[in-house]
Amino acid sequence: MPHKIGFVVVSSSGHEDGFSARELMIHAPTVSGWRSPRFCQFPQEIVLQMVERCRVRKLQLLAHQYMVPSKVEFYVSESLPGYFVPYQAERFRRLGYVSLCDNEKTGCKARELKSVYVDAVGQFLKLIFHENHVNKYNIYNQVALVAVNIIGDPADFSDESNITSREKLIDRYLGHSGEDPALEGTCTGKPDYISPLDDLAFDMYQDPEVAQIIRKLDERKREAVQKERYDYAKKLKQAIADLQKVGERLGRYEVEKRCAVEKEDYDLAKEKKQQMEQFRSRVYEQLQLHSLVDAEPMRRPSDLPLQPLAHSASPRHQQPVPSLLQEESASDSRFAEHFLQENLPAHPLGPCQRATVDQSPPAPDPHLNAHLQSVPYDERPLPASRKQPAAVALEPEKSDTDVSEAPRGGAAGEPEPLAEKALREAGPAVDVLGESLVAGAYSKTWSYREDALLALHKQLMETPAGSPKEELKSTLRASVFLVRRAIRDVVTPVFQASLKLLKMIITQYIPKHKLSKLETAHCVERTIPVLLTRTGDSSARLRVIASNFIQEMALFKEVRSLQIIPSYLVQPLKTNSSTHLAMSQMGLLARLLKDLGTGGTGFTIDNVMKFSVSALEHRVYEVRETAVRVILDMYKQHRAFILEYLPPDDSTTRKNVLYKTIFEGFAKIDGRPTDAEIRAQKKAATEEAEKRKKEEIKALQGQLAALKDIQAEAQGNEGPSVEAESRDTQGGKAAPPPAPEVPGSHCLDNLCIFCGERSESFTEDGLDLHYWKHCPMLTRCAHCRQVVEISSLTEHLLTECDRRDGFGKCYRCSEAVLKEELPRHIKTKECNPAKPEKLANRCPLCHENFSPGEEAWKAHLMGSAGCTANLRKTHVLHKAPALLPADPCTGPARPAGPTRAPSRQQTQPPGGLQQGKVQPWPNQGPQDQRSEAKSLPRRD
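Residues numbered from 1 in each chain as written. Predicted model: local features only at pLDDT ≥ 70, side-chain atom pairs only at ≥ 80, totals over all residues. Heavy atoms only, no water.

Trainee: Just to check I follow, could you spell out the overall build of the chain for this structure?
Mentor: Scanning the chain from N- to C-terminus turns up 30 helices and 15 strands. Within the chain, the fraction of its 940 residues that count as buried is 46%. Within the chain, residue pairs in contact and separated by at least 24 positions form 68% of the contacts whose partners lie at least 6 positions apart. (Helix = DSSP H or I, 4+ residues; strand = E, 2+ residues; numbered from the N terminus. Buried < 20%, exposed > 50% of the residue type's maximum accessible area, 1.4 Å probe, protein only. Contact = heavy atoms within 4.5 Å.)

Trainee: Just to check I follow, could you spell out the nonpolar core for this structure?
Mentor: General note: in soluble globular proteins, nonpolar side chains tend to be found buried as a group. If you look at the biggest cluster of nonpolar residues, it comprises 90 residues, and the most contacted ones within it are Met553 and Ile565. Ranked by the residues each element gives to this core, the list is headed by helix α13 (residues 492-512), at 11 residues. Apart from the residues within four sequence positions on either side, Met553 is in contact with Leu502, Ile506, Ile528, Leu531, Val559 and Ile565. Val56, Val68, Leu125 and Val143 belong to the second-largest nonpolar core, a separate cluster that totals 29 residues. (Core = buried A, V, L, I, M, F, W, Y, C linked by side-chain atoms within 4.5 Å.)

Trainee: Explanation requested: the side chain of Thr653 in the structure shown.
Mentor: As for its position among the elements, Thr653 is in helix α22 (residues 651-654). For Thr653, a relative accessible area of 10% corresponds to the buried category. Side-chain polar atoms of Thr653 contact the side chain of Asp650, separated by 2.7 Å. Not counting chain neighbours up to four residues away, the residues in contact with Thr653 comprise Pro647, Pro648, Tyr659 and Phe663. (Polar contact = N/O pair within 3.5 Å; in protein donor to acceptor, adjacent residues only side chain to side chain.)

Trainee: How do you make sense of the confidence of the model for the chain when you look at a structure like this?
Mentor: Should pLDDT be low for a region, the predicted coordinates there are not to be read in detail. For the chain, mean pLDDT is 75; residues scoring 70 or higher make up 71% of the total. Below pLDDT 50 for its whole length, residues 157-166 participates in seven contacts with residues either more than four positions away or in separate chains. Across residues 729-745 the pLDDT falls below 50, and counting only partners more than four positions away or on other chains, this stretch makes five contacts in the model. (pLDDT = per-residue confidence, 0-100.)

Trainee: Would you take a moment to explain the pattern of salt bridges for this structure?
Mentor: Close approach of charged atoms allows side chains with opposite charge to pair. Applying the stated rule across the entire model yields 30 salt bridges. In this structure, Asp119 engages Arg55 in a salt bridge whose closest nitrogen and oxygen atoms are separated by 2.9 Å. Of this pair, Asp119 sits in strand β7 (residues 113-129) while Arg55 is found in strand β4 (residues 44-63), placing the two residues 64 residues apart along the sequence. Taking the relative accessible area as the measure of exposure, Arg55 reaches 28% and is therefore partly exposed. Between Asp670 and Arg639 there is a salt bridge whose closest N-O contact spans 2.9 Å. In this pair, Asp670 sits in helix α23 (residues 657-670) while Arg639 sits in the loop between α20 (621-638) and α21 (640-643), placing the two residues 31 residues apart along the sequence. Each of the salt bridges in this network shares a partner with another, and the network as a whole consists of Asp218, Glu219, Lys221 and Arg222. (Salt bridge = Lys/Arg side-chain N within 4 Å of Asp/Glu carboxyl O.)

Trainee: Explain the state of the cysteines here, please?
Mentor: Among covalent bonds in proteins, the disulfide is the one between the sulfur atoms of two cysteines. Evaluated as defined, the whole model comprises zero disulfides. With no disulfide partner, Cys867 has as its closest neighbouring cysteine sulfur the one in Cys843, 3.8 Å distant. (Disulfide = S-S within 2.5 Å.)

Trainee: Looking at this model, I keep getting lost on unusual backbone geometry. Mind explaining?
Mentor: In this structure, Pro43 follows Phe42 across a cis peptide bond, with omega equal to 0°. Within the secondary structure layout, Pro43 lies in the loop between β3 (34-35) and β4. Residues other than glycine seldom take positive phi values, yet Ser814 does so here, at roughly 65°. Tracing the sequence through the fold places Ser814 in the loop between β11 (807-809) and β12 (816-818). Residue Ser814 is classed as partly exposed on the basis of its relative accessible area of 31%.

Trainee: Hey, could you run me through the environment of Lys245 in this one?
Mentor: For Lys245, the location among the structural elements is in helix α5 (residues 230-262). A relative accessible area of 11% places Lys245 in the buried class. In this structure the C-alpha to C-alpha distance between Lys245 and Tyr205, which are 40 residues apart in sequence, comes to 10.0 Å.

Trainee: How do you make sense of helix α12 (residues 469-487) when you look at a structure like this?
Mentor: An α-helix turns once per 3.6 residues; consequently, residues spaced three or four apart project the same way. With 19 residues, α12 ought to run about 27 Å at 1.5 Å a step, and its terminal C-alpha atoms sit 26 Å apart, in line with that. Here α12 has its buried residues at Leu472, Thr475, Leu476, Ala478, Ser479, Val480, Leu482, Val483, Ala486 and Ile487. Buried residues belonging to α12 abut α9 (427-433), α10 (435-441), α11 (446-461), α13 and α14 (517-534). (Expected span 1.5 Å × (residues − 1).)

Trainee: What should I look at first to understand the packing of α11 against α12 in this one?
Mentor: Helix packing for two helices is described by the angle between their axes and how far apart those axes are. Put simply, α11 and α12 touch, their axes get as near as 11 Å, and they point 155° apart. As far as their axial angle goes, α12 and α11 are roughly antiparallel. Handedness of the crossing formed by α11 with α12: left-handed. In this structure, α11 contributes Leu453, Leu456 and Leu460 to the contact, and α12 contributes Thr475, Ser479, Leu482 and Ala486. (Axes fitted to C-alpha atoms, helices over the stretch in contact; angles between N-to-C directions. Parallel < 35°, antiparallel > 145°, perpendicular 65-115°, else oblique. Left-handed = near helix turned anticlockwise from the far one by under 90°.)

Trainee: How should I be thinking about the packing of aromatic side chains in this particular structure?
Mentor: How two aromatic rings sit relative to each other is given by the distance of their centres and the angle of their planes. All chains considered together, the criterion is met by eight aromatic pairs. Considering the side-chain rings of Tyr253 and Phe279, the 6.3 Å spacing of their centres and the 70° angle between planes classify their relative orientation as edge-to-face. With Tyr253 in helix α5 and Phe279 in helix α6 (residues 266-289), this residue pair connects regions lying 26 residues apart in the sequence. Residue Tyr253 shares its accessibility class with Phe279, and that shared class is buried. For the pair Tyr635 and Phe666, a centre-to-centre distance of 3.9 Å together with 20° between the ring planes defines the contact as stacked. Separated by 31 residues along the polypeptide, Tyr635 in helix α20 and Phe666 in helix α23 bring together distant segments of the chain. The pair Tyr635 / Phe666 is uniform in exposure class, with both members buried. Of the aromatic side chains, those joined through ring pairs into one cluster are Tyr635, Phe663 and Phe666. The aromatic ring of Tyr140 is capped on one face by Arg38, whose charged end is 3.9 Å from the ring centroid. Geometry around Tyr75 places Lys126 over its ring, the cationic atom sitting 5.2 Å from the centre. (Phe/Tyr/Trp six-rings, centres within 6.5 Å; stacked < 30°, edge-to-face > 60°. Lys NZ or Arg CZ within 6 Å of the ring centre and 35° of its normal.)

This is how it looks when you write it as structure tokens:
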């Protein structure tokens, strides 16, 4: 069973004087805790070493009231890291983090207790504190931690998990189920049960000496239960409950005494000391009178050594306790009845109720205490110890009364009598069930409230079958009145007992006595609104219990036909309702809709869809997600009817992510492709078309190469044909007329396919030289010395160049700019903005926009009024406009100016320029092979 684990502080990143991290090793009402240095650097960290290697199950932090860190991270390790223990280095493993409230709602007057459930094995725990929440009280930007608690069990302690207990075997034989929500959590023998006595709130608000007595009594109670001495166990249980009130009062007295010492009011300090001693002595006398403790004197807190918390906090490691006493048959009167009636001091407590360790904001708001008492201790923000220390009770059952008050009057072992207001309210129930039972249900002690409900359960079960109908109905309505009150109870055992009683009334009492459906409807209608309210409780455990019971009750055959619960679940969510309430109502609707359906169950297409569509606008993400799932489930069953409640499926509606998800879900249900799948199909089709196009280009290039080979062979056979013709002529034979030359057979000879210039010097080497130095449509990259087309220079610098990682694209001019100059380039906004590609081309040399199209590039780069930064253009302009002889391909002779180059997809450039391959020029060093058709070889 998990228990409190002792620890020592190994190291901390720093602390303010008087607030060392070693203060965390002590749990008591007057501890000050750890505080970071003033104006420290974040994050701050603390490393704790547990007394042994443990499996940590629960971590608890008690934060300061105004020095609150924004986030705390948890790390665990088997051993210290290398900077503590050389040669045994091991990294800490991160468990996660928790965020702490900024405490603005409480005015920085309450301390937050954070409980985190984990499952990690190790011996070292590291806490990392991030920056503080800013408020007017934390002027030095510090973070603080009042206390930390570790709950777990030894890592090698696994015997309990492998042994089936005697109780489990008996329950299995008898057919008892542990899943009954009305019985959940009542057994403390579970292997993962954590005792409330190990909770951090117990030690922080209890007198240390009384806390030690409570733990001993709790150990004896468990021993009595094992030996089936239930009367004695009940006596110990009541003694522990009363001792907790005693410990809280003594803790308050100690805080008041420390405060008086700080104010140098020594008379008040002496008075508080005497008051504590007298109160403590009377308590011990009562304990010895009832033989609950030994007669030997108890150790005073001042005699206890200031040691770190060790195994003594857990019953597992306590010293052996004396055997059970023989006075079990003695009176079960509540021993604390006498000393708990002591009045508080007559003088006002005033400002002296502050603790000596802090200077805190003004006194707390009394309305805050009432709110805190309704929250379970696991999730309750605890008030600061400097403030009114009586504001918080250790157990949640004290929510309806002051924790320091004892039952007023009444016989020994009986609840206090009903007050006048309660008597008027519960008059009809008193007439039917009797005043003693109703007084127990109204008692300020939670155990009496639980006992009253269990007694009523037994009484209803034993009611004979032949009783008069009117009497049965009166008893039922009085019982429902008490059940309704008990459902609101914040104590888990009382709440579970009320659910158990309600289940028995609906499933056993009404059918047994053959009462009408009106009585069942009365039970459901009176209790379901209160149950739905409990599904929004701040305690996760209570929320789950309430939700599960509502779902179970809706499936009762006696309740299902009434169709009452579905009508409550489809009521619109209120805008001011709590997050937990909205999530629970939406989750219940989704689960019950699957169990009940929409056919005669209270759920209809109309009310479910109206509720779900309105829930799509809720502020909580989980509610919206559940509403989407409900709509999709409804569409699976009713298809077209659901579309009537939704907006039309168009582009405007799909801008809303939720509606887009819904309509895509509809498409999947119908077997239609979604938008994403359609886009993927279009993309695949486009890629396939591009692939076919490249294959066609490759095939055309192969055909072109074959034509050139045929042309070369024809030129090689031309010489022998001329010789044969001359011989025939000399022999007197007439030569046959020559075959007509195929037009275009010499079209590609001596022609630059980029600028269209034709020259006799354009042999294979001549074209290479022309490309390298003179072609006005080409240029050399200044970074990789590659020859590229000017129109593709920007693309080359961004994707192909050896230094492409050093370039970025300007969003204004769309040109490639060095990354180190790009921020200044963008900031100055001196570049000429580029126009869309369909409207204009963009020259990377002169940075100007000009008309679009391929021909426009030639006119811009080669014309006299075109690009002013193209240095190669002068080579063309200075040439004489001499006309070349007519060519069968190009027609009449024309100047060597801009001409239309043949298509690069149909023509392979001569002079060694190969499509898809680039050869580096000699003496330039090795270069990577390029695969772009627009790249050209280097040349000196």
